[in-house]
Protein chains: 2
Amino acid sequence: MRARGIHHLGVAVADLEEALATYLELFGGELEHRDTVAEQGVEAAAVLIGSGRVELLAPLGDDTPIGRFLAKRGPGMHHVAYEVDDVRAALGELEVAGAELIDREPHLGLFGLQVAFVHPDAIHGVLSEVVSLDELA
Amino acid sequence: MRARGIHHLGVAVADLEEALATYLELFGGELEHRDTVAEQGVEAAAVLIGSGRVELLAPLGDDTPIGRFLAKRGPGMHHVAYEVDDVRAALGELEVAGAELIDREPHLGLFGLQVAFVHPDAIHGVLSEVVSLDELA
């Protein structure tokens, strides 16, 4: 699989307002998108930092993926997302190369992205995501 | 402070050879630099992934920063580095904006970069680094 680059770094935070203020102020970030996605249990903000992007993820409750992450690990880096041309093709190539897929099919992620997650165990503890900007086929 | 973008994602790994093979194979990475820095207790590889960069960091022993991180947290994301024009100026602006600095002065990091670390506590648990490509003044 050949990734185009790092699409974003996903960061789990307890309070989205505070985190957003921090990233805007400390790093000169610019709010790109913001959304609340009840079915994913998350309130999220995409912040552009120069040519880079940080996705701030706050849980809507304790029994959500980000809520459980915060309870276990505390706030911090949650995942890294690589941009690819075609998420479905990337998943096939990742599986052949020995990755353990969390998502076997692309699904609609935050901000209209087509996404799929890859298990951290085969990537030295890093929860990794592949994303493309295309509409879901 | 205005960052140019994400310079790299620093990942702590137990075995540099294995991790390097994983990143080359799974994500189509390209080895950019590789170095062993005894005084930092680290063996490191910079891997280009498209326009992005992952820095793989393996400890030279248990009693090193990366060794202690691995013992406490296991392998995974360790820090994110933002590229800035001037590390010294960035440190001044970060301090005014309320960040807690680990390094009050730029120092020579891996691969000839000028670097300084910012404490994770004021950045929602994310150990952050500012780097510039310039020589140390």
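Refer to the structure presented above.
Quick look at the structure, then. (Residues numbered from 1 in each chain as written. Chains lettered and ligands numbered in written order. Predicted model: local features only at pLDDT ≥ 70, side-chain atom pairs only at ≥ 80, totals over all residues. Heavy atoms only, no water.)

1. Structural notes on the relation of the copies chain A and chain B
This is how it is decided: We place the copies in one frame by least squares, fitting the C-alpha atoms of every residue whose pLDDT is at least 70 in both. In this analysis, two residues are considered to be in contact whenever any of their non-hydrogen atoms come within 4.5 Å of each other.
Laying chain A over chain B is done by rotating through 180 degrees and shifting 0.0 Å along the axis; what remains is an RMSD of 0.0 Å. In the structure described here, the two chain copies are related by an operation that fits a two-fold rotation axis. Of the C-alpha atoms belonging to chain A, the one lying closest to the rotation axis is found on M77(A), 3.4 Å away. A share of 100% of the interface residues of chain A reappears at the interface of chain B, consistent with the copies meeting face to face through the same patch.

2. Description of the interface of chain A and chain B
Filter applied, for reference: Buried area: the accessible area, evaluated with a 1.4 Å probe, that two parts lose upon being put together, summed over both parts. Any Lys or Arg side-chain nitrogen found within 4 Å of a carboxyl oxygen on Asp or Glu counts as a salt bridge. Polar contact criterion, stated in full: a pair of N or O atoms within 3.5 Å, where within protein one must be able to donate a hydrogen and the other to accept it, and residues adjacent in sequence count only if both atoms are side-chain atoms. To qualify as a helix, a DSSP run of H or I must reach at least 4 residues; to qualify as a strand, a run of E must reach at least 2; elements of each kind are numbered from the N terminus. Put simply, Ala, Val, Leu, Ile, Met, Phe, Trp, Tyr, Cys and Pro go in the nonpolar bin, Asp, Glu, Lys and Arg in the charged bin, and everything else, Gly too, in the polar bin.
Listed as interface residues are 41 residues of chain A and, on the opposing side, 41 residues of chain B. When chain A packs against chain B, the two sides together hide about 3400 Å² of surface, and 65% of this comes from carbon and sulfur. Among the residues of chain A in contact with chain B, L26(A), F27(A) and H124(A) are the three that bury the most area, contributing 22% of the side total. Between chain A and chain B we count zero salt bridges in total. Scanning the region where chain A abuts chain B turns up twelve residue pairs in polar contact (both at pLDDT 80 or more). At the level of secondary structure, the elements contributing two or more residues to the side of chain A that touches chain B comprise strand 1 (5-12), helix 1 (16-27), strand 4 (52-59) and strand 5 (76-83) of chain A. It is helix 1 of chain A that provides the largest number of residues to the side of chain A that touches chain B, a total of seven residues. Grouping the amino acids of the side of chain A that touches chain B by side-chain chemistry returns 23 nonpolar, twelve polar and six charged.

3. As for the side chain of S128(B)
Convention followed: With a 1.4 Å probe rolled over the protein chains alone, any residue whose accessible area is under 20% of its type maximum counts as buried; one over 50% counts as exposed, and the rest are partly exposed.
Locating S128(B) in the fold gives a position in strand 8 (residues 128-132). Its relative accessible area of 0% is what places S128(B) among the buried residues. From its side chain, S128(B) meets the backbone oxygen of V126(B) in a polar contact 3.0 Å long. Excluding anything up to four places from it in sequence, S128(B) contacts F27(A), V80(B), Y82(B), A116(B), F117(B), V118(B) and I123(B).

4. Describing the packing of aromatic side chains
Selection rule: Two aromatic rings from Phe, Tyr or Trp, using only the six-membered ring of Trp, form a pair when their centres are within 6.5 Å; if the ring planes differ by under 30 degrees the pair is stacked, by over 60 it is edge-to-face, and anything between is tilted.
Applying the stated criterion across every chain, the model contains four aromatic pairs over all chains. Summarising the aromatic geometry, the rings of Y23(A) and F27(A) are spaced 5.6 Å apart at their centres and angled 45 degrees between planes, so their arrangement reads as tilted. Of this pair, Y23(A) and F27(A) both sit in helix 1, four residues apart, which is roughly one turn of that helix. For the pair shown, Y23(A) and F27(A) are each scored as buried. Note on Y82(A) and F27(B): the rings are 4.4 Å apart at their centroids and 35 degrees apart in plane angle, and the pair reads as tilted.

5. A closer look at the layout of surface pockets
Heads up, the condition is: Whether a set of points on the 1 Å grid over the protein atoms alone is a cavity depends on a 1.4 Å probe fitting there but being unable to get out, while an open set qualifies as a pocket with protein on both sides within 12 Å along at least five of seven lines; lining residues are those with an atom within 4 Å of a point. Grid points are joined across faces, edges and corners, and a volume is the space filled by probe spheres set on the points.
There is about 250 Å³ of room inside the second largest pocket. Residue assignment for the lining of the second largest pocket shows that the elements contributing at least two residues are strand 1 and strand 4 of chain A together with strand 1 (5-12) and strand 4 (52-59) of chain B. Broken down by element, the lining of the second largest pocket gets its largest block of residues, three residues, from strand 1 of chain B. Its residues assigned to classes, the lining of the second largest pocket comprises three nonpolar, seven polar and four charged.

6. Quick word on the environment of L108(B)
All names here are of chain B. For L108, the position within the fold is in strand 6 (residues 107-108). Exposure remark for L108: the relative accessible area of 52% places this residue in the exposed category. Taking C-alpha positions, L108 is 9.7 Å from V131, a pair spaced 23 residues apart along the chain.

7. Some points on the sheet that holds strand 3 (residues 42-49) of chain B
Residue and element names in this part refer to chain B. Here is the rule we go by: Pairing between strands requires that DSSP locate at least two bridges from one strand to the other.
Here eight strands make up an open sheet; going across it, the order is 2-3-4-1-5-8-7-6 and the pairing mixed. The open sheet is flanked by strand 2 (30-37) and strand 6, the only strands paired with a single partner. Across eight bridges, the pairing between strand 3 and strand 4 is antiparallel. Following the sheet pairing, L48 is matched in strand 4 by R53.

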